[in-house]
Amino acid sequence: RYLVKRVIGLEGDEIAIKYDYDNNCYHVYRNGEMVGEDHINEPMKGSYETMELTVPEGKIFYLGDNRNHSTDSRVIGPVNVSSIIGRVSLRLFPFADIRTF
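Just so it is clear, the structure is predicted and the values come from calculations on it, not from any experiment. The residue numbers shown here count from 1 along each chain, following its written sequence. This being a predicted model, a pLDDT of at least 70 is required before a residue's local features are given, and a value of 80 or more before pairs of side-chain atoms are given or counted; all residues contribute to the totals for chains, interfaces and linings. Hydrogens and water molecules were not included; the side-chain quantities draw on all heavy atoms of the structure.

Chemist: I'd like to hear about the pattern of salt bridges, residue by residue, with values.
Modeler: Close approach of charged atoms allows side chains with opposite charge to pair. Just to be clear on terms, a salt bridge is a Lys or Arg side-chain nitrogen sitting within 4 Å of an Asp or Glu carboxyl oxygen. As enumerated under the stated definition, the model contains 3 salt bridges in all. Measuring nitrogen to oxygen at the nearest pair gives 2.8 Å for the salt bridge that ties D65 to R6. Remark: R6 occurs in strand β1 (residues 6–9) and D65 occurs in the loop between β6 (59–63) and α1 (73–76); sequence separation between them is 59 residues. Classification of D65 by relative accessible area gives partly exposed; the value is 21%. With its nearest N and O atoms 2.9 Å apart, the salt bridge here joins R74 to D72. Accessibility classification places R74 together with D72 in one group, the buried group. Strands are runs of DSSP state E lasting at least 2 residues, helices are runs of H or I lasting at least 4, and numbering of each runs from the N terminus. Only protein chains enter the calculation, and the probe is 1.4 Å; a residue is then buried if its accessible area is under 20% of its type maximum, exposed if over 50%, and partly exposed in between.

In structure tokens form, the structure reads like this:
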């Protein structure tokens, strides 16, 4: 089974997920700058803990676009770069079955 997730940080990047009390949601920061996330389904809410980490050597930090319902590096931690098997280069929206074309 393959999963498609968004790589947020590479080895050596400092990642932080911080709660924004004014907007009642969480924001992702990479190397001190907030990551623009117009692609996520909805603001990241829930009972997550604020987290900060430096991505270890040979690892990546990834998040799903459906942040409120995604098992990703917030849960399982950074993963090995060697576990990446591909890169999305074409995305059809809304998620049409490409075999119908």
